[in-house]
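Take a look at the letters that make up each chain.
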Amino acid sequence: MATSNATATKDGAPAATAPAKTLTGIVKQVLSGDTVVIRATKGAPPPEKQITFSHVLAPKLARRPGAGGDETKDEPWAWEAREFLRKKLIGNEVTFTFDKPANSNREYGTVWLGKDKETGENVVESIVREGLVGVRREGRVTPEQQTLLDLEDQARGAGRGKWAHNVNPADKVRNIKWSHENPAHIVDIYGGKPVKAIIEHVRDGSTVRAFLVPDFHYITLMISGIRCPGVKLDADGKPDLSVKVPFADEARYYVETRLLQRDVEIRLESVNNSNFIGTILYPKGNIAESLLREGLAKCVDWSMAVMKTGADKLRAAERIAKEKRLRQWQDYQAKAPAFNSKEKDFGGTVVEVFNGDAINVRLANGQVKKVFFSSIRPPRDQRAVVGADGEEIVKAPPRGKNYRPLYEIPHMFDAREFLRKKLINKKVQCNLDYISPPRENFPEKHCYTVLIGGQNVAEAMVAKGLATCVRYRQDDDQRSSAYDQLIAAEQQASKSLKGLHAKKDNATLRVNDLTVDHSRIKVQYLPSWQRALRTEAIVEFVASGSRLRIYVPKDSCLVTFLLAGISCPRSSRPALNGVPAQEGEPFGDEALTFTRERVLQRDVSVHIDTTDKAGSSVIGWLWTDSNVNLSVALVEEGLAEVHFSAEKSEYYRLLKSAEDRAKAAKKNIWANYVEQVQEEKVVIEEEKDEKTPVERKVNYENVIVTEITETLSFFAQSVENGPKLETLMSKLHADFQANPPIAGSYTPKRGDLVAAQFTVDNQWYRAKVERVQGSNASVLYIDYGNKETLPVSRLAALPPAFSSEKAYATEYALALVTLPADNEDKEEALRAFSDDVLNHKVQLNQELKVSGGLNLATLHDPTTKTDFGKQLVADGLVLAEKRRERKLKDLVEQYRAAQEAALAAHLAIWKYGDITQDDAPEFR
């Protein structure tokens, strides 16, 4: 082994000394252009040695403020010298000699790249050759020093490095930003995109310092989503090196060997005080995943929430370490129980929503399961004292017996309404995350991630500030599979001050509970309810087939509602508050189930007629969200019978017809019904005098023709109703913009009144389903008369608030005319009719009501009083229809005269003569 008989004087010049030692190691760090840190090849962590190159002096690097002195700037070429060594040496094996001169704290030596200094590159000579360091010239010159002096002279002559002739030395000084007044602004500048960086220091396994290049922002970075064991701090907040934290040194060493002074990419994601939070990507992947997989780190919920992507991979990596019980997880015991496949995942239809944290789901086999949302809490009583982890330290004091948390806890009603509107009667997928054991007065809970249309319902609630996330211990796996997304959504909601996170006081919903205070029903509410054609309501509870509790949003009140016109069997009642259970009447429970399935927690419309004798309940008619009269539906199903009080109502005929059909089919309560035969009463009606004069009535209505069909019928809107239609459409569009439906969540049926998204403007309109074929449906836009075929994904349930009004477009047949048989003649007639009336304001007179068909109408020009139908006949484009109604006799004669004139002039269809002769018997 070659040795050097040199030592260093006080100024670094060599002097005679003992033979230098020769060792091998791995370069851990380059401190400057003339100093490196070399670690041994064995040990975890291994011993280290700092070596300063003999005989040379590098430009000094900048020093940050507070790092042992005041801030200094780079000397010219200092960074280039450091980078030359860093790129050549970091992580590589080297051979080096060193000695420690007397009266010196440093060890000086020479470094060769490789395992053998005879064949390896002399790194000191290389950096001198590049002109990046200077060679000491004082004292006695040794052969090694003379070689370096010769190399320096060559570099000077060639103008390399610091000896370059045309380079301004100031250009070789970095502009380092050691501190940042607004760290969040730096995060915004990079916009979540990876930025190149060099790791300068590893404080612990999950905290590093780095330069962002080429702008040289010096940052302290906490790695997103994880935390490694670190150094314990003493009472003064300083590191206490006397306390050894398990796996802290190993974690730091693991990161140093992979990242220290390596080129990496950093994705800045957030800030914490003056520290940045981000993800480090190095050539072999994500360092956070590696640390977790080795059991050297644990996932941290709060910083994982700021990650743009990859949180699921961190959880998966941690799970691997747990399963293998590596390092920090050596004593880990899994708490999550095993689930069978049927219990774990299932799909079904939501039939009921509880106060913001649970739902009832009906499976395909009819079974109903209660499903709790994983890892979220609904709004809670503000009188409770809550700890930092979200747990109630002191529960809220008890309320009175009439306390209704749904309305009195701020945002509870909003949370329930969000779930009700999005989920009721919709299909969902439920994936079991964990089973919460029973505690205190609460039973065991099965907690699921609930998806609708691929969207996590719990995440949507948290994002709107209608729920908060449960906080867990770090080793607690009993949590949602999408927990990181929930935390991220909560942080965004908090930042946006949504819902529960709003700074202003959250007022409770003031509800007038008329189920308790009956005195105001008749005086304050009943008159306005009776005047209204229909009142929008929400069914909150179903007590029996015909007894419900409804909430009226317009008046913010709860009231007991009895279905009018029917008598329904009483359902059974469970034992409650000391009152014994009561058996129900036959088919009472079936009637209860029938009503629950159709209206519970649905938007309905009601018309209230009166109150019961005690004045404690209201009696009226209820229409479901599909515009079905519930009283009629119960009677038709054989679950109720018509009450005598219905005889004076406008729905009596419907009820009697439904009851007759139920009796004929022997449904439910009519299963043993035997029809009694009654003697027919012969009623002789006085024949109407055929000679009674009948006059044609003329009552013009201003209309706009909105659509013409291929059979010459047309749709017309009343001009008088135009403003009402515009108001209705504005409200409908606003409603769907605020609460867009989930594509595919609605299954249309023929005859349904729905909302359809028109392909021309992508707005939502009222429509009736005429046919469903596969994934497409043909609809009629009832307020305009046009039709189109749409994918069922562009259909949605029509909110009840928009279903009560009649269609604004009415279809009529053009009176007293028929189209010619020839297709080209038909097209010409339809074109002419469209030019005359389509989208024009005209006057309509209904000439004849037709039972089971379209009513006949004539259209007239409001200025010239021209009859457009008669004009079509006069132009030879259509035929005059032969009708025998006495009141139309004069009008028919006018049309026939116009046709004779067109025939005589050989106009249009009469060009070649009388086309009606083809209908004569001899041509058949």
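Since this is a predicted model, take the numbers as computed values, not measurements. (Residues numbered from 1 in each chain as written. Predicted model: local features only at pLDDT ≥ 70, side-chain atom pairs only at ≥ 80, totals over all residues. Heavy atoms only, no water.)

## Digging into the nonpolar core
Where a protein is soluble and globular, its nonpolar side chains tend to be buried together. If you look at the biggest cluster of nonpolar residues, it comprises 42 residues, and the most contacted ones within it are W529, F561, L622 and L634. Residues within four places of W529 in sequence aside, it is in contact with L514, T535, V552, D555, C557, V559, H607, I608 and V618. Listed in part, the 40 residues of the second largest apolar core include V450, M461, V470 and L486. (Core = buried A, V, L, I, M, F, W, Y, C linked by side-chain atoms within 4.5 Å. Buried < 20%, exposed > 50% of the residue type's maximum accessible area, 1.4 Å probe, protein only. Contact = heavy atoms within 4.5 Å.)

## Examining the sheet that holds strand β40 (residues 764-773)
An order of β42-β41-β40-β39-β43 is seen for the five strands of this open sheet, with the pairing classed as antiparallel. Since the sheet does not close on itself, it has two edges, and those belong to β42 (787-791) and β43 (795-797), each with one partner. The average angle at which neighbouring strand axes cross in this sheet is 50°, direction not considered. (Pairing = 2+ DSSP bridges. Helix = DSSP H or I, 4+ residues; strand = E, 2+ residues; numbered from the N terminus. Axes fitted to C-alpha atoms, helices over the stretch in contact; angles between N-to-C directions.)

## Notes on helix α14 (residues 519-531)
Y525 marks where α14 bends most, by close to 55°; the proline P527 follows one to four residues later. The complete set of buried residues in α14 reads I521, Y525, L526 and W529. Elements in contact with the buried residues of α14: β29 (512-513), β30 (535-542), β31 (547-552), β32 (557-563), β34 (603-611) and β35 (617-623). (Bend = angle between axes of the 7 residues up to and from the residue.)

## A short note on the pairing of strand β39 (residues 753-757)
Judged by how many residues are buried, β39 sits mostly within the fold: four of five residues are covered. Bridge count for β39 against β40 is five bridges, and the pairing is antiparallel. Bridge assignment links A755 to a residue of β40, and that residue is R766. Here β39 hands over to β40 after six residues, with N762 in that stretch at a positive phi of 60°. Looking at chain direction, β39 and β43 are connected through three bridges and run antiparallel. Paired with A756 across the strands is L795, a residue of β43.

## A short note on the sheet that holds strand β47 (residues 856-860)
The sheet built from five strands closes into a barrel, its strands ordered β37-β38-β44-β47-β46 with mixed pairing. On average, each strand axis in the sheet is inclined to that of its neighbour by 60°, with strand direction left out of account. Contacts between helix α19 (residues 823-837) and the sheet are confined to β37 (701-708), β38 (713-718), β44 (809-814), β46 (841-848) and β47, with β37 contributing the most and set at about 140° to the helix.

## A look at the state of the cysteines
Counted according to the given criterion, the structure contains zero disulfides. Of all cysteine sulfurs in the structure, the one in C299 sits closest to C228, which takes part in no disulfide; the separation is 11 Å. Free of any disulfide, C430 has its nearest neighbouring cysteine sulfur in C447, separated by 12 Å. (Disulfide = S-S within 2.5 Å.)

## Looking at the domain arrangement of the protein chain
In terms of domain boundaries, the protein chain breaks down into domain 1 (21-168), domain 2 (183-329), domain 3 (346-386 + 405-501), domain 4 (512-571 + 586-670) and domain 5 (693-719 + 809-923). Spacing between the C-alpha centres of domain 1 and domain 4 amounts to 92 Å. (Domains from an automatic or database assignment.)

## A few points about the pattern of salt bridges
Counted according to the given criterion, the structure contains 44 salt bridges. Of the charged contacts, one joins K28 and E256 as a salt bridge, the two residues approaching to 3.5 Å between their closest N and O atoms. Here the residue K28 occupies a position in strand β3 (residues 21-32), and E256 occupies one in helix α5 (residues 248-259), the gap between them amounting to 228 residues. Assessed through its relative accessible area of 13%, E256 is described here as buried. The residue R883 makes a salt bridge to E881 at a minimum N-O spacing of 3.3 Å. A network of salt bridges, in which partner residues are shared, links R82, E83, R86, E200 and D263. (Salt bridge = Lys/Arg side-chain N within 4 Å of Asp/Glu carboxyl O.)

## Here's the deal with the UniProt feature "domain: Tudor" (unreviewed entry) in the protein chain
Here the UniProt feature "domain: Tudor" (unreviewed entry) sits at residues 747-805. With 0% helix and 49% strand, the stretch residues 747-805 has end C-alpha atoms that lie 23 Å from each other. (UniProt positions renumbered as here; feature names shortened; annotations may be inferred.)

## A few points about the pairing of β46
Along β46, six of the eight residues are buried, which leaves the element largely enclosed by surrounding structure. In this sheet, β46 lies alongside β37 in antiparallel orientation, the contact comprising four bridges. Residue pairing across strands places V703 opposite V842, the latter belonging to β46. Pairing analysis gives five bridges linking β46 to β47, with the strands arranged antiparallel. Of the residues in β47, the one forming a bridge with L844 is L859.

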